[in-house]
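# Examination of the molecular architecture
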Protein chains: 2
Amino acid sequence: MERRFSRSAESTMDSFIMGLVEVAARPGMISFATGLPDNTLFDTQALVRAMEEVMSEDPCGALQYDTPTGYIPLRKRIAERCGRVLGFDVGYEDVLMTSGSQVCFDLIGKMFLDHGDVMAVENPGYLGAIQAYSAYSPDFRGVDIDGEGPDLGQLSAAVGDGARLFYSIPNHQNPSGVSYSEDARRGVAEIIGGSGCVLVEDDAYGELGYHGRVGRTMKSMIPDDTILTGSFSKTISPGMRVGWMVVPEWMRKKAGRSLEACCLQSNTFCQRVIDRFMADVDYDSYLDVLRRGYARKKQVFMDAMEDCLPDTVSWNDPEGGMFVWLRTPEGTDAMRLYERALEGKLVVMPGHPFHVRGGANTIRLNFATPSDEQIADGMRVLGAACRDLYS
Amino acid sequence: MERRFSRSAESTMDSFIMGLVEVAARPGMISFATGLPDNTLFDTQALVRAMEEVMSEDPCGALQYDTPTGYIPLRKRIAERCGRVLGFDVGYEDVLMTSGSQVCFDLIGKMFLDHGDVMAVENPGYLGAIQAYSAYSPDFRGVDIDGEGPDLGQLSAAVGDGARLFYSIPNHQNPSGVSYSEDARRGVAEIIGGSGCVLVEDDAYGELGYHGRVGRTMKSMIPDDTILTGSFSKTISPGMRVGWMVVPEWMRKKAGRSLEACCLQSNTFCQRVIDRFMADVDYDSYLDVLRRGYARKKQVFMDAMEDCLPDTVSWNDPEGGMFVWLRTPEGTDAMRLYERALEGKLVVMPGHPFHVRGGANTIRLNFATPSDEQIADGMRVLGAACRDLYS
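Residues numbered from 1 in each chain as written. Chains lettered and ligands numbered in written order. Predicted model: local features only at pLDDT ≥ 70, side-chain atom pairs only at ≥ 80, totals over all residues. Heavy atoms only, no water.

### Overview of the overall build of chain A
- A tally of helices and strands in chain A yields 15 helices and 14 strands.
- Taken against the 2.2 N^0.38 rule, which gives 21 Å for 391 residues, the C-alpha radius of gyration of chain A at 21 Å falls within 12% of a compact globule.
- Taken along its principal axes, the extent of the C-alpha atoms in chain A is 60 × 55 × 50 Å.
- Relative to its full complement of 391 residues, chain A shows a buried share of 64%.
- Within chain A, counting contacts between residues at least 6 apart in sequence, those at least 24 apart form 76% of the total. (Helix = DSSP H or I, 4+ residues; strand = E, 2+ residues; numbered from the N terminus. Rg over C-alpha atoms; globule rule 2.2 N^0.38 Å. Buried < 20%, exposed > 50% of the residue type's maximum accessible area, 1.4 Å probe, protein only. Contact = heavy atoms within 4.5 Å.)

In C-alpha cells, the structure reads:
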C-alpha cells in the first residue's frame with residue numbers, strides 16, 4: 001500500500017539537534033552541544049512562589065481556556081517593555097503569545113511562504129528556525145554573516161528576487177554569537193523597508209547582553225515591516241514554553257486566526273505564572289543577575305579555551321548570549337573534531353548544519369549548559385582532540 | 001505596497017468560536033456556547049499538590065528542555081492505558097505529546113495534505129479541527145452524521161476519490177453528541193483499512209462516557225491506518241495544554257520531525273504535573289467522579305429543557321461528553337435564535353458553521369460551562385426565544 005506524506009512532511013529537514021540531545025543525555029557525557037540554558041540560574045524559588053500565588057488567587061481561571069492570543073496582563077507587560085526597553089510603541093493587541101518562539105517561526109512560515117517562494121536566511125543561521133521554515137519548502141537564500149552582520153549585497157539580491165521573509169538574529173546570534181553593527185542595522189532597514197519582504201527579528205538572546213542590550217531593535221527602525229519574536233526560554237524557563245511575537249497591525253487579524261488554527265492558544269497557567277514572576281522579582285533586576293551569571297560563565301569558558309586549545313583553532317569573544325563560535329583550520333572538516341571529542345565523552349555541535357553553504361570548518365560551543373568543572377574537563381578533551389587533528 | 005499572505009493564511013477559516021468567547025466574557029452573559037469544561041470539577045487541590053511535588057523533587061528538570069516527543073513516564077502511562085482501556089497495544093515511542101490536540105490536527109494536516117487533496121470530514125464536524133485542516137486547503141468532503149454514525153456511502157465515495165484523511169469523533173461527537181454504533185465502526189474500518197486513507201480518531205470525549213467508555217476504539221480495529229488523538233483538556237485542565245497522538249509505527253519518524261519543527265516540544269512542567277497528578281489521584285477513580293459530575297449536569301440541563309422549551313424544537317440525550325444538539329423547525333435559520341437569545345444575554349453556538357453543507361436549523365448547547373443557576377436562567381431565555389420565533 002502507498003504510504004504517501006505531504007510535500008511539507010517530505011521537505012521538513014532533520015535538525016541534527018534531536019539526535020545530539022539524546023547523545024548528550026548518556027551517562028558520563030559532557031555537553032557543549034545543545035542550547036540549554038544554565039539550570040543553576042533558574043530562580044526556582046520565585047517560580048514556586050508565583051505558582052502558589054496564581055493557584056491560590058484564581059485556580060479555575062489559571063486552569064481554564066483563555067483567548068487564543070494570550071493572557072492580556074502579560075501581553076500588556078510585554079508591550080510596556082517594548083516601549084521602555086526595545087524602543088518602539090505597540091499595543092498589547094499586537095503582542096501574540098505562543099508556546100515558545102519555535103511556534104512563531106512555524107506560524108510565520110505558514111502565513112507567508114508558498115512552495116518555492118524565496119526566503120533569505122542568515123548563513124550560518126539558527127537551524128531550529130530554518131527547520132520550521134523548511135516545512136513550507138521555500139527557496140532558501142543564504143546571506144553570509146561576518147563579524148559585523150549580514151552581507152548586504154546578498155540580502156539585497158534576495159529581496160530583489162522577491163524574498164517573502166528574512167529571518168535574522170541581530171543580537172548574539174545563534175550559532176555565531178555575532179551582533180549586527182549599527183551600520184548593518186541601517187543597511188538592513190534600508191533594504192527591507194517598504195520592499196514587501198517581512199523581516200523576522202528573533203530577539204531570543206537580546207536580553208542576555210552581558211552589559212545590557214546591544215544596538216537598536218530592527219522593529220524600532222522599520223516597525224511596519226518587522227515581526228519581533230521573543231521568548232522566556234533563555235531568561236526564565238524553556239520547559240514552560242512561553243514565547244510571543246509582536247506583529248505589525250496589518251498582520252494582526254490573520255496572525256490571530258492562524259495561531260488559533262494551529263494550537264488554539266498557549267498555556268494559560270504558565271503565562272500567568274510568568275506574569276506574576278516578572279512582577280514579584282522586579283524583572284529588570286532579575287535580568288541583571290542573569291546577565292552577570294552568563295558573563296561569568298562565558299569568562300570561565302574563555303579562560304579554559306585559552307588554557308587548553310592550540311593556536312591552530314580560533315574563536316570569538318561574544319558580548320552576550322550563550323554560544324562561542326570555533327573555527328578549525330581552513331579546509332578541515334569539523335565533523336572529525338565532533339567525532340574525536342565524542343570518543344572522549346564530550347559532545348559539541350558541528351557548525352555545518354547551520355549553513356546553507358560552506359561552514360565545514362566550524363563548531364558551535366554552548367557554555368551555558370556545562371558546570372565549571374565540566375567546562376574544565378570538557379575543554380581538556382577538546383584541546384587534546386584539536387592537537388591530535390591539527391598539528 | 002503589496003501585503004501578500006500565503007495560500008495557507010488566505011485559506012484558513014474563521015472559527016466563529018473566537019468571537020463567541022469574547023461575547024460570552026461580557027458581564028452578565030450566560031454561555032451555553034463554547035467548549036469550556038466545568039470549572040467546579042477541576043481538582044485544583046490535587047493539582048497544587050502535584051505541582052509542589054514536581055517542583056520539590058526536580059525543579060531544574062521540570063523547567064528545562066525535554067525531548068521533542070515528550071516526557072517519557074507520561075508517554076508510558078498513556079501507552080499502558082491504551083492497552084488496558086482503549087483496547088490496543090502500543091509502545092511509548094509511538095505516543096507523541098503535544099500542546100493540546102489542536103496541535104495534533106495541525107500536524108496531521110501538515111503531514112498529509114497538499115493543496116487540493118481530498119479530505120473527508122464529518123458533517124456536522126468539529127469546527128476547531130476543520131479550521132486547523134483548512135490551512136492546508138484540502139478539498140473537504142462532508143460525510144453526513146446521523147444518530148448511528150457516518151453515512152458509509154459518502155465515506156466510501158470520498159475514499160474512492162483518494163481521500164488522504166478522514167477526521168472523526170466516534171465517541172460523544174462535538175458538536176452533535178452522537179457516538180458511532182458498532183455497525184458504523186465496522187463499516188468505517190472496512191472502508192478505511194488498507195485504503196491509503198488515514199483515519200484521525202479524535203478521542204477528546206472518549207473518557208467522558210457517563211457510564212464508562214462507549215464502543216471499541218477505531219485504533220484497536222485498524223491500528224496501522226489510525227492516528228488516535230487524546231487530550232487532558234476535558235479531563236484535567238485545558239489551560240495546561242497537554243494532548244497527545246498515538247501514531248502507527250510507519251509514521252513515527254516523520255511525525256517526530258514535524259512535531260519538532262512546529263514547536264520544538266510541549267510543556268515539560270505541565271507534562272510532569274499531569275503525570276504526577278494521575279499517579280496521586282488514581283486516575284480511574286478520578287474519572288469516575290468526573291463522569292458522575294457531568295452526568296448530573298447533563299440531567300439538570302435536560303430537565304430544564306423539558307421544562308422550558310416548546311415542542312417546536314427537538315434535541316438528543318447524549319451518553320457522554322458536554323454537548324446537546326438542538327434542532328429548530330425545518331426551514332428555519334437558527335442564527336435568528338442565536339440573535340434573539342443574545343438579546344436576553346444568553347450565548348448559544350449556531351450549528352451552521354460546523355457544516356460543510358446544510359445545518360442551518362441547528363444549535364450546539366454546552367451544559368458543562370454554566371452553573372445550575374445559569375442553566376435555569378439561560379433556559380428560560382432560550383424557551384422564550386423559541387416560543388417567540390417558532391409559534
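There's plenty left to go through after this.
### Quick notes on the sheet that holds strand β9 (residues 243-246) of chain A
Residue and element names in this part refer to chain A.
- Taking strand neighbours across the sheet as the criterion, the eight strands line up as β2-β9-β8-β7-β6-β3-β4-β5 in an open arrangement whose pairing is mixed. Two strands in the sheet have a free side with no partner beyond their single neighbour: β2 (95-98) and β5 (149-150).
- Most of the contacts of helix α6 (residues 101-112) go to strand β8 (residues 226-231), to which it runs at about 155°, and overall it touches β2, β6 (165-168), β7 (198-202), β8 and β9.
- The sheet contacts of helix α8 (residues 152-160) involve β3 (118-123), β4 (139-146), β5 and β6, and relative to β4 the element is tilted by about 160°. (Pairing = 2+ DSSP bridges. Axes fitted to C-alpha atoms, helices over the stretch in contact; angles between N-to-C directions.)

### Observations regarding the pairing of strand β4 (residues 139-146) of chain B
Residue and element names in this part refer to chain B.
- Pairing between strand β3 (residues 118-123) and β4: six bridges, direction parallel. From the neighbouring strand, Glu122 faces β4, where its bridge partner is Val143.
- Note on the crossover from β3 through helix α7 (residues 127-134) to β4: the handedness is right-handed.
- Sheet analysis places β4 next to strand β5 (residues 149-150), joined by two bridges and oriented antiparallel. From the neighbouring strand, Asp146 faces β5, where its bridge partner is Gly149.
- With antiparallel pairing between neighbouring strands as the criterion, β4 and β5 make up a hairpin whose turn holds two residues. (Right-handed = clockwise from strand over helix to strand, strands pointing away.)

### Things to note about the domain arrangement of chain A
Residue and element names in this part refer to chain A.
- For chain A, the domain assignment lists domain 1 (8-43 + 285-389) and domain 2 (47-281).
- For domain 1 and domain 2, the distance between their C-alpha centroids amounts to 24 Å.
- Counting residues at the interface gives 35 residues for domain 1 and 37 residues for domain 2.
- Across the domain 1 to domain 2 interface the summed buried area is about 3300 Å²; carbon plus sulfur atoms make up 60%.
- In terms of surface lost to domain 2, no three residues of domain 1 exceed Met13, Arg291 and Phe354, which account for 19% of the buried area on that side.
- Taken together, the links from domain 1 to domain 2 amount to two salt bridges.
- Applying the counting rule to domain 1 against domain 2 returns 22 residue pairs in polar contact (both at pLDDT 80 or more).
- Counting only elements with at least two residues in the side of domain 1 that touches domain 2, the list comes to α1 (7-11), α13 (283-308) and β11 (323-327).
- Tallied by class, the residues present in the side of domain 1 that touches domain 2 amount to 19 nonpolar, nine polar and seven charged. (Domains from an automatic or database assignment. Buried area = accessible area lost by both parts, 1.4 Å probe. Salt bridge = Lys/Arg side-chain N within 4 Å of Asp/Glu carboxyl O. Polar contact = N/O pair within 3.5 Å; in protein donor to acceptor, adjacent residues only side chain to side chain. Nonpolar A, V, L, I, M, F, W, Y, C, P; charged D, E, K, R; others polar.)

### Side note on the relation of the copies chain A and chain B
- Mapping chain A onto chain B calls for a screw motion: a turn of 180° about the axis and a shift of 0.0 Å along it, with 0.0 Å RMSD after fitting. Both copies of the chain, as the preceding transformation shows, are related through a two-fold rotation axis. (Least-squares fit on C-alpha atoms with pLDDT ≥ 70 in both.)

### Notes on the pattern of salt bridges
All names here are of chain A.
- Tallied over the entire structure, the rule returns 66 salt bridges over all chains.
- A salt bridge links Arg216 to Glu182; the nearest nitrogen and oxygen atoms lie 2.5 Å apart. Here the residue Arg216 occupies a position in the loop between β7 and α10 (218-221), and Glu182 occupies one in helix α9 (residues 182-192), the gap between them amounting to 34 residues.
- Take Arg216: its relative accessible area is 39%, and that puts it in the partly exposed class.
- Within this structure, Glu80, Arg81, Arg84, Asp203, Glu207, Arg213, Asp284, Asp288 and Arg291 form a network of salt bridges that share partners.

### Things to note about the sheet that holds β5 of chain B
All names here are of chain B.
- Taken in spatial order, the eight strands of this open sheet run β2-β9-β8-β7-β6-β3-β4-β5, and their pairing is mixed. Every other strand in the sheet has two partners, leaving β2 (95-98) and β5 as the edge strands with one partner each.
- Strands β2, β6 (165-168), β7 (198-202), β8 (226-231) and β9 (243-246) of the sheet are contacted by helix α6 (residues 101-112), whose axis makes an angle of about 155° with β8.

### Brief notes about the pairing of β6 of chain B
All names here are of chain B.
- In β6, alternate side chains face the same way, and those of Leu165 and Tyr167 on one face and Phe166 and Ser168 on the other are all buried.
- Bridge count between β3 and β6: three bridges; the pairing is parallel. Paired with Ala120 across the strands is Phe166, a residue of β6.
- As paired strands, β6 and β7 are joined by four bridges and run parallel to one another. Directly across from Leu165, in β7, lies its bridge partner Val198.

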